[in-house]
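Structural overview
Spelled out, the chains give:
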Amino acid sequence: MYRPDGRDLVWMYGSGWATDYSDATFTYARQNYTATFGSGRDLMFVGVGFSKAPASLVGTYTWGISLGQANIGQNGIAIGAVGPGFYSEGAYRCGCQFTDGIRSQPRREGEFYQEQFRKIMRGSQWIVIEVWNELHEGNQICETIEHGDLYINLTRELIDEYK
């Protein structure tokens, strides 16, 4: 487990999915976590998709990087988000609808991923790779028949470059 500053990291996904987050939510989580795991443990909260971030979040970023919108969060820790591109016909067939109607962002054999990754390296304290196995959206970086281990290798190379 990644423990920045000795705190356990909790990733809060999308305020669009759960709209009633407040600082009271985070206080409650901290108190119960400490009661369960001991007084030496604390939590660090990071959020994605928060238009107005509660003060308890140490950083945020906006979802959508696979759409070609690499971004660096401006609330607290500068978190850069990156993805490989996507082909979402599978998600459309399952009933998912994207509000912007975009159905694909070509990967260009890894070039898109590398461009987006290098773009966010310049101003990010942390980098989050937004996807791993979102096969139905065609934006995975895990090993596949289609791409082999290209994205795993690119990720390793890009992280080494970032360090």
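A short tour of the structure in this document, coming up. Computed from a predicted structure; not experimentally measured.

Here we come to the packing of aromatic side chains. Scanning all chains against the criterion turns up four aromatic pairs. When the centroid spacing of 4.7 Å and the interplanar angle of 50° are considered together, the rings of Tyr 33 and Phe 37 count as tilted. With Tyr 33 and Phe 37 both in helix H1 (residues 23–37), this residue pair falls four residues apart, about one helical turn. Ring centres of Tyr 113 and Tyr 151 lie 5.6 Å apart, and the angle between their planes is 70°; this geometry places the pair in the edge-to-face category. Pair noted here: Tyr 113 is in helix H3 (residues 111–121) and Tyr 151 is in helix H4 (residues 150–162), with a separation of 38 residues, a long-range link. Assigned by exposure class, Tyr 113 and Tyr 151 land together as buried. One aromatic cluster is present, built from ring pairs that chain together Tyr 113, Phe 117 and Tyr 151. The lysine or arginine in question, Arg 107, covers the ring of Tyr 151, its NZ or CZ lying 4.7 Å from the ring centre.

Glancing now at the pairing of strand S8 (residues 126–129). By the alternation rule, side chains of S8 split into Trp 126 and Val 128, which are all buried, and Ile 127 and Ile 129, of which none is buried. Relative to S8, strand S5 (residues 77–82) is paired through four bridges, and the arrangement is parallel. Residue pairing across strands places Val 82 opposite Ile 129, the latter belonging to S8.

All right, on to H3 then. Within the span of H3, buried status applies to Phe 112, Tyr 113, Gln 116, Phe 117, Ile 120 and Met 121. An end-on view of H3 places all buried positions within 165° of arc, on one side of the element.

Cut-offs applied
Residues numbered from 1 in each chain as written. Predicted model: local features only at pLDDT ≥ 70, side-chain atom pairs only at ≥ 80, totals over all residues. Heavy atoms only, no water. Phe/Tyr/Trp six-rings, centres within 6.5 Å; stacked < 30°, edge-to-face > 60°. Helix = DSSP H or I, 4+ residues; strand = E, 2+ residues; numbered from the N terminus. Buried < 20%, exposed > 50% of the residue type's maximum accessible area, 1.4 Å probe, protein only. Lys NZ or Arg CZ within 6 Å of the ring centre and 35° of its normal. Pairing = 2+ DSSP bridges. Arc of directions from axis to C-beta.

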